[in-house]
Amino acid sequence: MKTRTLGLGGPTVSAIGLGCMGMSAFYGGRGSDAESIAVIHHALDQGLTLLDTADMYGPHTNEDLVGRAIDGRRDDVFLATKFGIKLDPNDPQVRGIDGRPEYVAAACEASLKRLRVETIDLYYQHRVDPQVPIEDTVGAMARLVEQGKVRHLGLSEASADTLRRACAVHPITALQSEYSLWSREPETTGTLAACRELGVGFVAYSPLGRGFLTGTIRTVEDFDADDYRRHAPRFQGENFDRNLALVEQVQAIAQDYGVTPGQLALAWVLGQGEDIVPIPGTKRIGYLDENIAALDIHLTEDDRARIDAIFPPDAAAGTRYPAAGMSALNR
Ligand SMILES: NC(=O)c1ccc[n+]([C@@H]2O[C@H](COP(=O)([O-])OP(=O)(O)OC[C@H]3O[C@@H](n4cnc5c(N)ncnc54)[C@H](OP(=O)(O)O)[C@@H]3O)[C@@H](O)[C@H]2O)c1
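None of these values were measured; they are calculated from a predicted model.

### Description of the layout of surface pockets
Piece 1. Approximately 220 Å³ is the volume attributed to the second largest pocket.
Piece 2. Along the wall of the second largest pocket there are 14 residues; nearest its centre are Arg4, Leu270, Gly271, Ile297 and His298.
Piece 3. Secondary structure elements with two or more residues in the lining of the second largest pocket: strand S1 (3-5) and helix H9 (261-271).

As structure tokens, then:
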């Protein structure tokens, strides 16, 4: 398994991680926990170390699932989880963000328990809390490092300015933000550049565009009733058709390489810099193997230019999240 370093002088992890979210939440079509655990075991058997979860996936059940999967295999894993988004158990659309120091400490205790571990390798703030200075939140996270409960700190969807302020309090090992052919904000808003300036690693979430960039999603009608993508702007009506036309164009380039469009999308992310680690999510061993194989694809400069011409930064029709999700981003 190829490896990459997260941040300047930071930990070494597999060059591709496994997003575990869909095993418990958001994308419907869920199989049994036993199947999901088999996927995680298969990943670890291939030398994939970086597992990504969060307390709000489920909520809470995904951490419990990952905890059961890694029981007895702790040394094979670089375990990343997140705190800070609170779901309303009565309405999954209603969310709160909490970055208060006392909440950080309590959330970490709860995650450690569910994950059945003594230490979390990488602890992210899932969304920046606009009500709490980042210095206070990161200060509380730094205390977790002092206490040995957490090894490294991360932020998710933080702006360049927030990242800079956070780094002044404690080294930040990784910024996790959406980054893929159809989600290019890290380039256009300067967060990727800030990561490079500050020696922060970059973890690319939803690198397959929540599955869309694989070309296998032909209509939202195939999604389960509770699938988040039924409400995601890029999957709606005319946006869906316009975005699919873009995927069909990259499909031709994928064919030249004898790979799938999803593998091409991952190879593109991996080729954007050695400091970037994508974490595609899947519940299936076959997809996992396909995604890992993308590590061996090397796109020529000409083909990268062809892909960039199809998917310039503003190519995608529709925003990444519905309005409430967009307003929770720190920009
Ligand atoms: N920090 C944040 O705010 C945030 C937000 C979203 C996600 N994340 C993290 O990032 C991880 C990955 O993102 P994601 O799961 O949203 O999106 P993704 O990795 O872009 O796409 C996942 C979807 O693609 C499908 N898929 C995976 N491999 C495939 C393949 N080779 N061929 C065809 N389809 C394939 C999966 O299907 P199956 O499920 O059927 O296998 C799933 O529907 C998550 O698991 C989570 O850990 C973080």
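### Structural notes on empty space enclosed by the protein
Piece 1. The tally for this structure, following the rule as stated, stands at one cavity of 30 Å³ or more.
Piece 2. Approximately 50 Å³ is the volume found for the largest cavity.
Piece 3. Surrounding the largest cavity, Glu178, Trp182, Arg210, Ala232, Pro233, Arg234, Phe235, Thr319 and Arg320 form its lining.
Piece 4. Here the residues of the lining of the largest cavity sort into four nonpolar, one polar and four charged.

### Here we look at the site of the ligand
Piece 1. Around the ligand, the surrounding shell holds 31 residues, and the nearest of these are Tyr27, Asp52, Leu208, Thr282 and Lys283.
Piece 2. Serine 206 has a polar side-chain atom sitting 2.8 Å from an oxygen atom of the ligand.
Piece 3. Between the ligand and the protein, one listed contact pairs an oxygen atom with a side-chain N or O atom of arginine 229 at 3.1 Å.
Piece 4. With three residues, the top contributor of residues to the shell around the ligand is helix H10 (residues 285-293).

Cut-offs used in this document
Residues numbered from 1 in each chain as written. Predicted model: local features only at pLDDT ≥ 70, side-chain atom pairs only at ≥ 80, totals over all residues. Heavy atoms only, no water. 1 Å grid on protein atoms, 1.4 Å probe; cavity = no way out; pocket = protein on both sides within 12 Å on 5 of 7 lines; lining within 4 Å. Points joined across faces, edges and corners; volume = space filled by probe spheres on them. Helix = DSSP H or I, 4+ residues; strand = E, 2+ residues; numbered from the N terminus. Nonpolar A, V, L, I, M, F, W, Y, C, P; charged D, E, K, R; others polar. Near = heavy atom within 4 Å. Polar contact = N/O pair within 3.5 Å; in protein donor to acceptor, adjacent residues only side chain to side chain.

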